[in-house]
Amino acid sequence: MEFGVLGPVVAWESEPADLRSARHREGEPADLKRAQHQVGEPIDLKGAPVDLRGPRHRAVLARLIVARGRVVPAQVLVDDLWVDPPAGALSAVRTFVAALRRAIEPERAPREPPRLLVTSGPGYALKTTNVDAWHFENALRPSTPSDGPAVRAAGSSGESGVRASAPRGGSAVGAAGASGGFVSPEERLHELLAGLGLWRGPAYAEFVDEPWALAERARLTELRLHAVEQIAEARLELGLAAEAVPDLDAHVIEHPWREDAWRLLALALYRSERQGDALAVLRRARETLVGQLGIDPGPTLTRLETDILNHAAHLTPPAQRTPPAHLTQAAHLTEAAEHTEAAHLTQPGRGNQAGRVRLSGEGSSGVHLTQVGSVWAEAAAAYDRAVGGTRARIESTVGLLRNLAVTGGGGLEAARRHRLAAIAAAEELGDPDLTARVIGAYDVPAIWTRSDDEAQAAAIVAAAERALPTQDHASIRARLLATIALESRGSRSPRAREAALEAEQLARGLDDPALLAFTLNGVFMQTCHRAGLAPQRDAIGAELITLSQRHNLFTYEVLGHLIRLQSACARADHTTADDHAGAADALAARHELPLVAVFTRWYAALRDDTPESYRAAAALLDDAGMPGLSAGLLPLALAAHAVRHGEPIPTADYGPHAPWVYGAPDPPPGLLLEVYWALTAHSTQDPELLAKAQAALAPAADEHAAGSGLLTLGPIADYLA
């Protein structure tokens, strides 16, 4: 039985095969065929895939593989599988283990002890050596330390040629193999290509956010990048410099912090009689390292540039060999299997709640603002040094933007601006999976039903629609559909509501509370298409609060309270609204969410219902970064106040609200829908338009035109008479 974690977690029935078993066969080695195997399919074409059942079954298997044969206590499995373990979680783990045993040992007799997934003491262990990640590590072992997972630092031995990293007496590629025998350069290249060919996608692909997988994924990622560079070294040793260039060029673009990759690329170009291009690469390396990381190139790159200019003798390639025919072909191994392989600086984790440090002077712990700032700067610098690939940077950027969006006006504006740039960058790479993840990862709770930037929202919706047909996984599709629903706020198209409901349906079939909260936000946004829907929105808010309290999704808990505040205003139930406003403010203070005060202060102004209170609340909008909310809101509130008090509607710049202040048909869906229709009923002199407005308001006859929680026109019944 073979197990695969270099991509989605899989298992397939196969005879264990040594990666070097076909080295001496005539023609193209079988290992090279493995290296060129179609990404995404089991590597062993003779093997039959094994049905591993559901995602939690695969999570148990993956967790045991991470343990490398060590026992994982059952309680640890429970804690790793659930944030809030349900009653009977331990029994469920036993059920998962039993099902896995049946799947991976189908011929085991009923009372025969298991050989692979064994019970030991308080837990379980997977006893096997047939894991693709371990085969991959074995392929790298001749030039990596043999005593553990550490990877030798990318650098140089001091010369500007091929790195001498092998045991004394051998070259980097002509070294002792894993079995102890001498490995020729040709064989070494075969082995490296075969090892890298085992990758089918990101390691532990379904578990990218699981804390128990992060360290192993990061370690395997570093090994994979190291393998790309070892392949380049092997090709240089074999005199195949021109064949090394394409992969190295792509490698440095995606991972510009790796100085040894720049060195190898420049050397490969020089040995391909492209001295000018080699010098240009070294200049590009300097610009990239200084511009992106703020560091100067190391002495190895500097010395290589001098050596190239001087045509140093040690740069001359070794005596040309006559390699086998299959090596002179373009055995091109790209990095398409890597969608993104980096730990995030702000890990989304469960519910996308990044750990926050309170930057408010000295707290009870004695940590000063300057100390915290230093920690941030050092962590950011370390992250920038460790993760520099284009894909990793793009995906990590979304995690930062998601947190930036809830910090205040400037942060929200910056998040909007850079979000679209990240999506565009992902699409330019031609990686639909990366694009889908980047689009769907921005799960920032949204309460207002008018877009801050309609052109940008339309571009995001279009990108999500382009990505949707490329995705089969339910969770990714749900995120794309929820994004379409959220970014289509105010749209009259039925597509927006259809997307919201489909996203919710998908999310309810998955065990992902954060995803369900995200999709419920989309449903809320599309539950404003007619008057009288405040009760439905209230139910969404209630579910969000319950879900969020159970799973520590505090930003969605705030959203739930604000939604229920709004629906309570529609019922003129200000006691309930007060409770939800207080709860939202308490959460905002605890978790540093300054934008919450914009909505709770406007609710307080609605309660006071004076021009002065509305003007005071409007002051919070100046730096909120929410033009979809702020444009014309204060004049609209003052107009509503005037109508309620029998005063003429003042002349003012009503912005997007202007058509309905003086009476107009067909207002857009949103939380102000009842207000627009009520103003139209109040202002119009057209009997047909009046009848249309009253018919539209009829389903909300028992409510107040106050469902926004920001302003009120009083009982809707007053406009139906």
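This text gives an overview of the structure that appears in the document. (Residues numbered from 1 in each chain as written. Predicted model: local features only at pLDDT ≥ 70, side-chain atom pairs only at ≥ 80, totals over all residues. Heavy atoms only, no water.)

Topic: the pattern of salt bridges
The condition is simple: We count a salt bridge whenever a side-chain nitrogen from Lys or Arg sits within 4 Å of a carboxyl oxygen from Asp or Glu. Each helix corresponds to a stretch of at least 4 residues labelled H or I by DSSP, and each strand to a stretch of at least 2 residues labelled E; elements are numbered beginning at the N terminus. Here's how the labels work: a residue is buried when its accessible area is under 20% of the maximum for its type, exposed when over 50%, partly exposed in between, all with a 1.4 Å probe on protein chains only.
What the rule picks out here adds up to 30 salt bridges. Of the charged contacts in the structure, one is a salt bridge between Glu 427 and Arg 466, with a shortest N-O distance of 2.8 Å. One end of the pair, Glu 427, is in helix α15 (residues 409-428); the other, Arg 466, is in helix α17 (residues 454-467), and 39 residues separate them in sequence. A residue is classified by how much of its surface remains accessible, and Arg 466, at 47% relative accessible area, is partly exposed. Between Asp 538 and Arg 571 there is a salt bridge, with the nearest N and O atoms lying 4.0 Å from each other. In this pair, Asp 538 is assigned in helix α21 (residues 534-551) and Arg 571 in the loop between α22 (554-570) and α23 (574-591), connecting sequence segments 33 residues apart. Residue class for Asp 538 comes out buried when judged on its relative accessible area of 13%.

A short note on the packing of helix α5 (residues 132-140) against helix α7 (residues 211-237)
The test is simple: Angular values range over 0 to 180 degrees, each being the angle between N-to-C directions of two axes fitted as lines to C-alpha atoms, with helices fitted over their stretch in contact. For classification purposes, an angle smaller than 35 degrees is called roughly parallel, one larger than 145 roughly antiparallel, one from 65 to 115 roughly perpendicular, and anything else oblique. Left-handed describes a crossing whose near helix is turned anticlockwise from the far helix by less than a right angle; the clockwise case is right-handed. By definition, residues are in contact when any of their heavy atoms lie within 4.5 Å. Residue classes follow a fixed rule: Ala, Val, Leu, Ile, Met, Phe, Trp, Tyr, Cys and Pro count as nonpolar, while Asp, Glu, Lys and Arg count as charged, and any other residue, Gly among them, counts as polar.
Where α5 meets α7, the closest approach of the two axes is 11 Å, and the angle between their N-to-C directions is 40°. It follows that α5 is oblique to α7 by the angle criterion. Where α5 crosses over α7, the two elements pack in a sense that is left-handed. Counted together, Ala 133, Phe 136, Glu 137 and Leu 140 of α5 and Arg 219, Leu 220, Leu 223, Arg 224, His 226, Ala 227 and Gln 230 of α7 form the full contact between these two elements. Across the contact of α5 with α7, the residue classes break down as six nonpolar, two polar and three charged.

Examining the packing of helix α6 (residues 185-196) against α7
Two measures define how a pair of helices packs: the angle their axes make with one another and the distance between the axes. Contact geometry of α6 with α7 gives a least axis separation of 9 Å together with a crossing angle of 155°. Considering the angle they form, α6 stands roughly antiparallel to α7. Crossing geometry of α6 relative to α7 is assigned as left-handed. On α7, the residues that touch Pro 185, Arg 188, Leu 189, Leu 192, Leu 193 and Leu 196 of α6 are Arg 224, Ala 227, Val 228, Gln 230, Ile 231, Ala 234, Arg 235 and Glu 237.

What to know about the nonpolar core
As a reminder of what qualifies: Nonpolar core, defined: a set of buried Ala, Val, Leu, Ile, Met, Phe, Trp, Tyr and Cys residues in which side-chain atoms within 4.5 Å join the residues together.
Ranked by size, the top nonpolar core spans 114 residues in total, and within it Trp 602, Leu 629, Leu 711 and Leu 713 carry the most contacts. Those residues in contact with Leu 629 that sit more than four places away from it in its chain are Trp 448, Asp 452, Val 598, Phe 599, Leu 621 and Leu 710. With 58 residues, the next largest nonpolar core counts Ala 11, Leu 126, Ala 203 and Ala 213 among its residues.

Observations regarding α22
Basically, it comes down to this: One fewer than the residue count of a helix, multiplied by 1.5 Å, yields its expected span.
Taking 1.5 Å of rise per residue, the 17 residues of α22 would be expected to cover 24 Å, and the 25 Å separating its terminal C-alpha atoms lies within 8% of that figure. Of all 17 residues that make up α22, 16 are buried, and the element is covered over most of its length. Count one or two residues on from α22 and you reach Ala 572, which has phi positive near 60°.

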